[in-house]
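Overview (structure and organization)
Residue-level listing of the chains:
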Amino acid sequence: MEKRIYNFSAGPAVLPEEVLLEAQKDFYSYKGQGLSVMEMSHRSKTYDNIIKEAEADLRKLLDIGDNYSVLFLQGGATLQFSMVPLNIMQSKADYIVTGSWSKKAVKEAKRVGTVNIAASTESENFIRIPKQEELKLDPEASYVHFTSNNTIFGTQFHNEPEVGNVPLVCDTSSDMLHKKIDINKYALIYAGAQKNMGPSGSTLVIVRKDLLERSSDDLHTYLNYKIHAEKESLYNTPPTFSVYIMGLVFKWLLNMGGLDKMYERNLAKANVLYDYMDSTDGFYKGTAAKEDRSLMNVTFRLPNEDLEKKLIAEATEKGFIGLKGHRSVGGLRASIYNAFPSKGVDDLVEFMKDFKAKN
Ligand code: PMP
């Protein structure tokens, strides 16, 4: 078999090898049925089992109760920036702004109603997460929206903001399933699949059923959560192959021991990289405030841009790809999602040590 490279891409991102091999086994003819999942009717019994099993496994992983609907939609997390306010904003909502993706969510919400910026760390270049006491929350808000992990800036909420009785909505695109969360703290969670769950094409939405009552019948059909919930994600053709792979990823997570185990692994992996960076007297300098560092996207800089370019070029040659920071911020970023192997982080640190010694 061909050798795999270490893929630090922020998304679409690395998938578990076991999942790829399993899919490969069934790619040409799914379980001996003579056709691939991609060619199968979404109304077939076989596909129905695939999507139902994916949902059941996700429910197991996160202990999702019957009071929540699980939806597999399309349009990326980006469409959720619109669907959330269109469905559940009654007149005004609070947004906690911690990076470019939260800003994009705000932009769409403003088309629907009044947005109150409960806090923003933009004036500090989004290097940190606002503290609870900084949040200016409106108890009358339809919901509070936050971005749990800031893919570009490498920061992450390590605890949910406390919002009282106001429904909590979260874009978890880049840290979904990286640890066990208490789903009951949330009214709605959404995430594009392509970082921690599967290939692009599918967007997961977990929504508490009482919120569905807010979806107006005047909404365009595809934009209406209530319709998708009633039709169990089969109102129209779902992203069939993407959901299938997500299902395999959920099984992989269960086999790995579930989300508490995955969290231990993620913590250990990120610490290897952060601890090394912190031991280099600023040669490798983390860009995020220490207490808010992301376990998923490790962002850092070198003493100058020439060295950064050199490192990226040499790393690419050695089979470490995707280390370039987002085009809007520069620097470097190592995305180390669930499926990223620990050995890849160890090998990257060895490479960084060698690079430092030579430069
Ligand atoms: N939110 C976050 C936190 C993201 O990282 C991204 C993608 N990088 C998005 C939203 C947008 O996702 P999509 O491309 O699936 O629309």
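The structure this text deals with has already been given above.
Residues numbered from 1 in each chain as written. Predicted model: local features only at pLDDT ≥ 70, side-chain atom pairs only at ≥ 80, totals over all residues. Heavy atoms only, no water.

1. Thoughts on the sheet that holds strand β14 (residues 332–335)
Stated formally: Whether two strands pair depends on DSSP finding at least two bridges between them. Only runs of H or I of at least four residues qualify as helices and only runs of E of at least two qualify as strands under DSSP, and these elements are numbered from the N terminus.
Taken together, the three strands give an open sheet; going across it, the order is β11-β12-β14, and neighbouring strands pair in antiparallel fashion. The open sheet terminates on both sides in strands that have one partner only, identified here as β11 (285–286) and β14. With four bridges connecting them, strand β12 (residues 297–301) and β14 associate as antiparallel partners. Across the sheet, Phe-300 pairs through a bridge with Leu-332, a residue of β14.

2. A look at unusual backbone geometry
Note that the residue after Gly-11, namely Pro-12, is joined by a cis bond; omega there is -5°. With respect to the element layout, Pro-12 can be found in the loop between β1 (6–7) and α1 (17–27). Unlike most non-glycine residues, Leu-177 shows phi in positive territory, near 65°. Turning to its location among the elements, Leu-177 is positioned in the loop between β8 (168–171) and β9 (188–192). Unusually for a residue other than glycine, Ser-233 sits at a positive phi of about 65°. Relative to the helices and strands, Ser-233 resides in the loop between α5 (225–230) and α6 (240–255).

3. As for the pattern of salt bridges
Oppositely charged side chains may form a pair once their charged atoms are brought near each other. Here is the rule we go by: Here a salt bridge means any side-chain nitrogen of Lys or Arg lying within 4 Å of a carboxyl oxygen belonging to Asp or Glu. Each residue's exposure class comes from its accessible area (1.4 Å probe, protein chains only) as a fraction of the maximum for that residue type: buried when under 20%, exposed when over 50%, partly exposed otherwise.
Tallied over the entire structure, the rule returns 25 salt bridges. The partner of Glu-53 in a salt bridge is Lys-251, with the nearest N and O atoms 2.8 Å apart. Here Lys-251 lies in helix α6 and Glu-53 lies in helix α2 (residues 45–62), a separation of 198 residues in the sequence. Judged by relative accessible area, Lys-251 falls into the partly exposed class, the value being 32%. When the shortest N-O distance is used, the salt bridge between Asp-63 and Lys-180 registers 3.2 Å. One end of the pair, Asp-63, is in the loop between α2 and β2 (68–73); the other, Lys-180, is in the loop between β8 and β9, with 117 residues separating them in the sequence. Overall, the relative accessible area of 52% leaves Asp-63 in the exposed class. Because the salt bridges share partners, they merge into one network encompassing Glu-22, Lys-25, Asp-26 and Lys-31.

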